[in-house]
Amino acid sequence: MGKPVLSSKERTLLHLHRMKVSTERRVFPFEICQEGIARATGLLKTHVPRTVKGLEEEGFVESKKGYVKEKERKLKVYFITLKGEEFVSTIEARLFKMDVGITTETGLKISKLEDILKEESRYGIDILDLLDSIDDEGNVSLSNLRFAKGNMSKDKFNVPEYGEFIDRTAEMNALRSWYEDESPLMLVTGQKGMGKTVLAAHFCQHDVDDKSVLWFDIPRDRQAESLLKTASHFFEKMGLTGGILSCKDFVEILICAPVILVVDGYYEVEEEMVDLMIDIVRNLKMGVRGKILVTSPTGTPSYSRFFTLSELESGKVRQMVLKGVDDEGARHILGTNTSSENLRKIYLLTKHNPSWLVMIKNEDENGLLEKTRLTKEEIRLLFFWKR
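Residues numbered from 1 in each chain as written. Predicted model: local features only at pLDDT ≥ 70, side-chain atom pairs only at ≥ 80, totals over all residues. Heavy atoms only, no water.

Caption draft 1: Structural detail: the overall build of the protein chain. Of the regular secondary structure elements, the protein chain holds 18 helices and 12 strands. Considering the protein chain as a whole, with its 387 residues, one finds that 47% of them fall into the buried category. By sequence separation, contacts in the protein chain at least 24 residues apart represent 68% of the contacts at least 6 residues apart. Accessible surface computed for the protein chain: about 20200 Å², of which carbon and sulfur atoms make up 48%. Of the charged side chains in the protein chain, 58 are positive and 61 negative, and the gap between their average positions amounts to 4 Å. (Helix = DSSP H or I, 4+ residues; strand = E, 2+ residues; numbered from the N terminus. Buried < 20%, exposed > 50% of the residue type's maximum accessible area, 1.4 Å probe, protein only. Contact = heavy atoms within 4.5 Å. Areas by Shrake-Rupley, 256 points an atom, 1.4 Å probe, with all protein chains shown as cover. Lys, Arg positive; Asp, Glu negative; His and termini not counted. Charge placed at Lys NZ, Arg CZ, Asp CG, Glu CD.)

Structural data, given as structure tokens:
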């Protein structure tokens, strides 16, 4: 059987065939400009201009300039012609006769590509999706394909419950921007108590609606083996794999599946965990479907570092430093109409650390003595100022 091979011309025509966009629209989808065609078909950006030019010359596509969604200027967009549709029919007729192996729990089942496509079309899977999922031996895992297309349940595993969320507009916007761009990893750092875990949990609960979430709590378990076991059980439940994953398996799932891994509280970890994180980040590429969100307190030892400066500078890893809440947020936590002058004094001692402010509100002297470096005299002053 083997993996089917398509020319750049055939891939582009199949893609434009599935788009079927009207030429009369005021704003066109990103997928029909050159950059969008490259991303959707897997072609190199440098190959697309030559490919579409050739298709235009043969009369298979036509083009015009128009506004493209999320782009600020007019770009060339492309549409399949009637002649192009006729050529697509000949491509499909050839491909439909192919034998494809379907991997199941009980073994391998051979079916015609046309029959598989008829069954899987109800999941929004088209011929390009199916062809791209066939491996070098000519086999396909339909559960992996359905998951990658977003047609399996989106679980949120171990995401912690949290109390009231104080407005973090800038930070939430930064997370949303990262979620939509091609960077695979975001690191959120900040002093203990700044709300890194709450921010990540709020983001996963309210903004992640097209990916499954796997939350791994480092303070509870620092072992690399435990992370891989937890991921294995999670992905097995999704129908993606069976048995314990290797690092390579884990990366391959992140490349194709809509999953976000949250590693919460990454600090002093075992050497094997550092090595695992290094391997994962090294092997992930820009633009993969999966994402990794890591929270880590300020002062994490250098020997726990899992990415390089070049990975940070290239945008492969993005970093956010979480600071204290603003004055309005501090007033809201304290529950009082504290004067601006007293609020400034509180800030000088606390930097508006949310967890500290909660203890000040509750006048929890023992908690502040245990979890901060504040003296008894400073704590009593804080209790006085907040009134």
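Once the structure has been displayed, the description carries forward.
Caption draft 2: Spatial organisation of the confidence of the model for the protein chain. Per-residue pLDDT for the protein chain has a mean of 86; in total, 93% of the residues score no lower than 70. The spread of mean pLDDT over the elements of the protein chain runs between helix 7 (residues 142–148), the lowest at 66, and helix 3 (residues 48–57), the highest at 96. (pLDDT = per-residue confidence, 0-100.)

Caption draft 3: Spatial organisation of the packing of helix 14 (residues 327–334) against helix 16 (residues 354–361). Contact pair helix 14 / helix 16: the axes reach a minimum separation of 8 Å and the direction vectors enclose 35 degrees. For the pair helix 14 and helix 16, the crossing hand works out as right-handed. Listed contacts from helix 16 to Ala 330, Ile 333 and Leu 334 of helix 14 are Pro 354, Leu 357, Val 358, Ile 360 and Lys 361. (Axes fitted to C-alpha atoms, helices over the stretch in contact; angles between N-to-C directions. Left-handed = near helix turned anticlockwise from the far one by under 90°.)

Caption draft 4: Seen up close, the sheet that holds strand 10 (residues 259–264). If you trace the 6 strands from one edge of the open sheet to the other, you get 7-9-10-11-8-12, paired in parallel fashion. Looking at the sheet topology across the chains shown, the edges are occupied by strand 7 (156–157) and strand 12 (317–321). The pairing of strand 8 (residues 185–190) with strand 11 (residues 291–297) spans 6 bridges and is classified as parallel. Among the inter-strand pairings, Thr 189 is bridged to a residue of strand 11, identified as Ser 296. (Pairing = 2+ DSSP bridges.)

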